[in-house]
Amino acid sequence: MFECSEPGCVKSFQTFSGLESHLDVGDHCVKDERPSETLYDKLRRDWADRFITSVNVTENEPSEPNIRQSENVSITALHTVIMGWALHKPRAGSIRLTYKVKKYLTAKFDLGEQSGLKADPQQVSNDMRKTRDEQNRRLFERDEWLTKSQVQGFFSRLAASRRGQQAHSEIEHNPKELFLEEKEAERQQLMVHISNELRPQHPLSYDAFNLCECARDNKLSLFKVSLLKDILRFFEVPF
């Protein structure tokens, strides 16, 4: 190592030529002076200053306006809570069906039994939102609409009540009869499908209206013209 001979200079060099160049230039570093700060040292110093600043802010006492502001926010949050939010809410499926809803669902079920094409609960649920009466007025209010599971539950209870509890229990306790009944149901469904492909389907129905019965009882004259047009469009009959 070759150290600088200048008094107070702390620089040293590995080669003699480097020392000579230093002496020729005269860029001496005295002990009292600090060498130029590197980028790494600057980052460390900035990080330390930032950490000290955050600690000082945390240790400071909160000002009175901040305390009042937090109190106002807490009071506002308490007032926004709706009264009764923690009370038990009844299930959606436990509503009581009105006579009008039961009549409509029973008519849908009967039409499916007569035509051999069982009513689809999802389709019935969708139809309830847009079905209309003879005067072309909306038949059900929003709170009377049912979901697919509610319609399916009504159909199941109606079918069970018509079959009778005794016959139903006998079928459940006899697997052989249950198997034969399923086979017969599949055969009947296939026959109905073939029959529908070969001839017009009767009774003709639109929504919950049995058009064959309405024509027999001369009730079609009570329908509004707009409803009759909707029926013709449904059956693709030109008018």
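To start, this report covers the structure provided alongside it.

Criteria and cut-off values
Residues numbered from 1 in each chain as written. Predicted model: local features only at pLDDT ≥ 70, side-chain atom pairs only at ≥ 80, totals over all residues. Heavy atoms only, no water. Buried < 20%, exposed > 50% of the residue type's maximum accessible area, 1.4 Å probe, protein only. Helix = DSSP H or I, 4+ residues; strand = E, 2+ residues; numbered from the N terminus. Arc of directions from axis to C-beta. Contact = heavy atoms within 4.5 Å. Patch = residues over 30% accessible without salt bridge, like charges linked within 9 Å, V, L, I, M, F, W, Y side chains within 5 Å. Areas by Shrake-Rupley, 256 points an atom, 1.4 Å probe, with all protein chains shown as cover. Salt bridge = Lys/Arg side-chain N within 4 Å of Asp/Glu carboxyl O.

## A look at helix H5 (residues 121–128)
Looking at H5, one finds that the buried residues are Pro121, Val124, Ser125, Asp127 and Met128. What you see down the axis of H5 is that its buried residues fit within an arc of 165°, all on one side. Buried residues along H5 sit against helix H4 (99–115) and helix H6 (148–163).

## Quick word on a nonpolar patch on the surface
On the surface, Leu204, Leu232, Phe234, Phe235, Val237 and Phe239 cluster together into a nonpolar patch covering about 530 Å² of accessible area. On the secondary structure map, Leu232 appears in helix H10 (residues 225–234).

## So, the pattern of salt bridges
In total, this model carries 10 salt bridges according to the counting rule given. Among the ionic pairs, Lys42 bridges to Asp46, the shortest N-O distance being 3.2 Å. Taken together, the positions of Lys42 and Asp46, both in helix H2 (residues 39–59) and four residues apart, correspond to about one turn of that helix. Accessibility expressed as a relative area gives 43% for Lys42, which makes it partly exposed. Put simply, Lys118 and Glu113 hold a salt bridge, and the shortest N to O gap is 3.8 Å. The class of Lys118 is exposed, set by a relative accessible area of 61%. A relative accessible area of 40% places Glu113 in the partly exposed class. Several salt bridges share partner residues, and in doing so they unite Lys108, Asp127 and Asp207 into one network.

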